[in-house]
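Given next are the chains, with one letter for each unit.
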Amino acid sequence: MLDRPHPTPATPSADPFALAKALSGLHFIGGAYVPARSGKTFAVVNPATGIEVARAAEGDAADVDAAVTNAAKAQKEWAKMPARKRGALVHQCAALLQEHVDELGRLIALETGKALRTESRVEANVVADVFEFFGGLGSELKGESVPFAPNVLSVTVREPLGVVGAIIPWNVPMLLMALKVAPALVAGNAVVVKSAEEAPLAVLRICEIMNRVLPPDVFNMVSGFGPECGAPLVAHPLVKKVTFTGSVETGKIIYRAAAEKLIPVTLELGGKSPMIVFADCDFDKTVSGALTSMRFTRQGQSCTAASRIYVERPIFDRFVTAMKDAVNGMVMGDPLDEKTDIGTIISQGQFDKVKGFIAEGAATAGATAHVCSRMPEDPALKKGLFLQPVIFTGLTRESRLVQEEIFGPVTVIQPFDDPEAVLAEANDSDYGLAASLWTNNLKVGLDLAHRLEAGLVQINQNLVVQANLSYGGVKQSGLGKEASLEAMLEHFTHKKTIMVNMR
Ligand code: NAI
Ligand code: MG
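All values derive from a computational prediction rather than experimental measurement.

J.: Could you give an account of the overall build of the protein chain, naming the residues involved and the relevant values?
T.: Helix and strand counts for the protein chain stand at 16 helices and 21 strands. Against the compact-globule benchmark of 23 Å for 503 residues, the protein chain has a radius of gyration of 23 Å, which places it among compact chains. Reported as C-alpha extents along the three principal axes, the dimensions of the protein chain are approximately 70 × 65 × 40 Å. In the protein chain, which comprises 503 residues, the share counted as buried stands at 58%. Residue pairs at least 24 apart in sequence account for 74% of intrachain contacts in the protein chain once pairs closer than 6 positions are excluded.

J.: Explain the site of ligand 1 residue by residue, including any values.
T.: Surveying the vicinity of ligand 1 reveals 27 residues, the closest of which are W170, K194, E197, K353 and E405. Within the side chain of W170, one N or O atom sits 2.7 Å away from an oxygen atom of ligand 1. T250 is positioned with one of its side-chain polar atoms (N or O) 2.9 Å from an oxygen atom of ligand 1. Elements with a minimum of two residues in the shell around ligand 1: α8 (226-235), β9 (239-245), α9 (248-261) and α12 (348-362). Of the residues in the shell around ligand 1, the class split is twelve nonpolar, ten polar and five charged.

J.: Tell me about the packing of helix α10 (residues 283-293) against helix α11 (residues 316-328), and please be specific about residues and values.
T.: In the contact formed by α10 and α11, the axes pass within 10 Å of each other and the chain directions differ by 55°. Looking at the two axes, α10 sits oblique to α11. With respect to the hand of their crossing, α10 and α11 are arranged in right-handed fashion. Of the residues in α11, those in contact with F283, T286, V287, A290 and L291 of α10 are R318, F319, A322, M323, A326 and V327.

J.: I'd like to hear about the pattern of salt bridges, residue by residue, with values.
T.: Under the definition given, this model contains 26 salt bridges. For R106, the salt bridge identified is with D102, shortest N-O distance 3.1 Å. Here D102 and R106 lie together in helix α4 (residues 101-112), a separation of four residues that amounts to about one turn. For D102, a relative accessible area of 32% corresponds to the partly exposed category. Put simply, E453 and K475 hold a salt bridge, and the shortest N to O gap is 2.6 Å. Here the residue E453 occupies a position in the loop between α15 (442-451) and β18 (456-459), and K475 occupies one in strand β19 (residues 474-475), the gap between them amounting to 22 residues. On the basis of relative accessible area, E453 is assigned to the partly exposed category, the value being 39%. Judged by its relative accessible area of 36%, K475 is partly exposed. Overlapping salt bridges bring together D102, R106, R121 and E338 as one network.

J.: Let's hear about the sheet that holds strand β17 (residues 434-438): which residues, and what values?
T.: Pairing is mixed in the open sheet, where seven strands are placed in the order β13-β14-β15-β12-β11-β17-β18. Unpaired on one side and paired on the other, β13 (368-371) and β18 mark the two borders of the sheet. On average, each strand axis in the sheet is tilted by 20° relative to the strand beside it, whichever way the strands run. Pairing analysis gives three bridges linking strand β11 (residues 274-277) to β17, with the strands arranged parallel.

J.: If you had to explain the side chain of N427 to someone new, which residues and values would you point to?
T.: Tracing the backbone through its elements, the reader meets N427 in helix α14 (residues 419-427). Among the residues examined, N427 registers a relative accessible area of 15% and is labelled buried. From its side chain, N427 meets the backbone oxygen of R451 in a polar contact 3.0 Å long. For N427, the contacting residues outside a window of four places in its chain are R451, L452, E453 and K475.

J.: Could you give an account of the packing of helix α5 (residues 116-135) against helix α6 (residues 173-186), with specific residues and numbers?
T.: For the pair α5 and α6, the least separation of the axes is 9 Å and the interaxial angle reads 10°. With respect to α6, the axis of α5 lies roughly parallel. On the side of α5, the interface is formed by S120, E123, A124, V126, V127, V130, F131, F134 and G135, while α6 contributes P173, M174, L175, A178, L179, V181, A182, P183 and V186. Of the residues in the contact of α5 with α6, the class split is 15 nonpolar, two polar and one charged.

J.: How would you summarise the nonpolar core if you had to cite specific residues and measurements?
T.: Counting 107 residues, the largest nonpolar core has F131, L185, M210 and F219 as its most contacted members. Among the elements that make up this core, the one with the highest residue count is α6 (eleven residues). Setting aside chain neighbours within four positions, we find F219 in contact with M177, V181, L185, V191, V193, C207, M210, N211 and L214. In this structure, L291, A306, V327 and I391 belong to the second largest nonpolar core, which totals 30 residues.

J.: A description of α6 should follow, citing residues and the corresponding values.
T.: Note on helix geometry: an α-helix contains 3.6 residues per turn, so any two residues three or four positions apart are oriented the same way. In a regular helix each residue adds 1.5 Å, so 14 residues correspond to 20 Å; α6 covers 20 Å between its end C-alpha atoms and thus fits that length. For α6, the buried fraction is high: 14 of the 14 residues fall into the buried class. The first or second residue beyond α6 is G188, which carries a positive phi of 100°.

Conventions adopted
Residues numbered from 1 in each chain as written. Chains lettered and ligands numbered in written order. Predicted model: local features only at pLDDT ≥ 70, side-chain atom pairs only at ≥ 80, totals over all residues. Heavy atoms only, no water. Helix = DSSP H or I, 4+ residues; strand = E, 2+ residues; numbered from the N terminus. Rg over C-alpha atoms; globule rule 2.2 N^0.38 Å. Buried < 20%, exposed > 50% of the residue type's maximum accessible area, 1.4 Å probe, protein only. Contact = heavy atoms within 4.5 Å. Near = heavy atom within 4 Å. Polar contact = N/O pair within 3.5 Å; in protein donor to acceptor, adjacent residues only side chain to side chain. Nonpolar A, V, L, I, M, F, W, Y, C, P; charged D, E, K, R; others polar. Axes fitted to C-alpha atoms, helices over the stretch in contact; angles between N-to-C directions. Parallel < 35°, antiparallel > 145°, perpendicular 65-115°, else oblique. Left-handed = near helix turned anticlockwise from the far one by under 90°. Salt bridge = Lys/Arg side-chain N within 4 Å of Asp/Glu carboxyl O. Pairing = 2+ DSSP bridges. Core = buried A, V, L, I, M, F, W, Y, C linked by side-chain atoms within 4.5 Å. Expected span 1.5 Å × (residues − 1).

Quick look at the structure:
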């Protein structure tokens with residue numbers, strides 16, 4: 001298996017189409033590319049054209065078992081390596097990934113339809129940064145000495161959990177994988193990742209790149225469908241921890257399966273993040289912040305998307321007009337074109353789901369759908385899953401568009417008069433992932449920040465996940481934190497107490 005020649009180039013590839021083909025039909029197990037044991041594959045489609053660009057290995061329980069069994073053996077040696085040395089290797093991975101930023105950006109743009117300039121290359125850069133950040137944290141895996149009794153030495157040590165199963169979605173696959181793999185590895189675990197069926201290629205390439213540095217078997221990648229490939233990973237007896245990002249529904253299935261084995265889980269689920277805009281805000285900065293917050297450049301396919309925007313009444317009309325103008329100024333087009341701001345929806349299923357929400361909103365009495373930007377004219381993109389961003393006004397909290405996660409380029413702007421009432425509306429949600437407040441009155445801002453039910457509240461900004469800041473939601477948005485030192489310690493190690501009686 002280890003002697004299998006690599007089908008992919010050692011140097012960064014400038015041609016995402018050729019790279020996608022080369023990555024076809026493969027998992028990465030035991031330090032090498034391997035096909036699915038069943039020989040089955042499924043299509044990877046470029047959502048900008050509807051054309052198949054690769055096949056992915058269709059993994060099942062047999063592939064998962066091979067990956068996990070090997071990983072469990074390798075993990076024992078990996079855990080013996082000094083933590084700082086493990087970190088140094090992860091650091092080397094970061095440097096290699098940095099060399100491949102442009103390649104990875106193009107590849108992820110090809111398979112997800114996210115624009116290269118505004119999203120895909122940005123994601124590739126953040127990925128390298130995440131590995132660099134965690135690579136430096138090896139020495140932080142330390143315990144405490146605990147006062148117990150004279151002449152009794154009582155200390156705690158941090159130990160890895162074993163094999164970690166990581167299940168990732170398609171919206172930001174490389175970053176969400178990095179947030180799991182980097183801390184898991186540095187903490188001394190081995191990892192088996194199950195990629196998202198819509199976007200298996202860039203993460204597979206990252207796995208191969210990192211395996212040039214890491215010992216074989218500590219980082220493995222399988223592709224396949226949720227029930228056939230993800231579920232066996234969760235259920236495998238040698239998997240001692242599962243970390244997942246995706247839908248609430250699947251998160252609960254995984255939590256139940258993990259409960260059967262009594263293993264810990266980290267769940268990063270959906271959101272319906274409110275953005276609250278006060279009349280005293282810095283207006284232009286807030287409008288531009290709303291574009292970022294809503295992740296229009298990612299077609300709104302973000303769990304932290306500001307899909308509920310509450311604007312204080314005196315500036316409501318002006319704000320809606322400015323938002324429309326700003327989104328109208330964004331260019332929809334070929335994700336690989338540097339001029340493009342907005343690419344495509346990931347899949348036909350998601351496209352139909354989002355269109356259903358838009359139709360329902362437009363049919364609601366009193367509602368207005370402001371359809372923004374323009375469809376691309378290039379005939380090559382005719383079959384692409386392009387969807388014009390829609391800003392809704394005239395919808396209220398009863399609407400499904402205000403309650404449910406749409407995961408598309410759709411936001412609802414509502415006016416408000418009273419800070420207490422808007423706080424109550426913002427908290428009137430099953431979700432609690434993120435929120436943002438826009439005001440120059442920090443007294444009001446901080447007060448509301450403390451009372452908003454969310455894992456992350458930002459005042460006068462709404463940036464994407466950054467290494468070193470704990471990230472994770474409350475309520476239906478999930479369990480546990482990612483992206484920080486605390487996340488590595490609490491979610492990828494357990495604390496053992498050792499006592500020595502010297503009396
Ligand atoms: P999903 O949660 O079904 O898929 C995410 C991952 O879980 C994929 O790798 C999938 O193969 C895997 N999976 C599915 N069923 C599984 C099972 N029974 N056992 C183990 N793994 C399983 O999400 P999907 O279907 O792609 O999107 C549906 C909705 O979920 C979206 O419309 C959006 O609202 C939400 N979502 C939220 C994300 C977030 O960042 N929090 C990311 C992706 C989707
Ligand atoms: Mg699903």
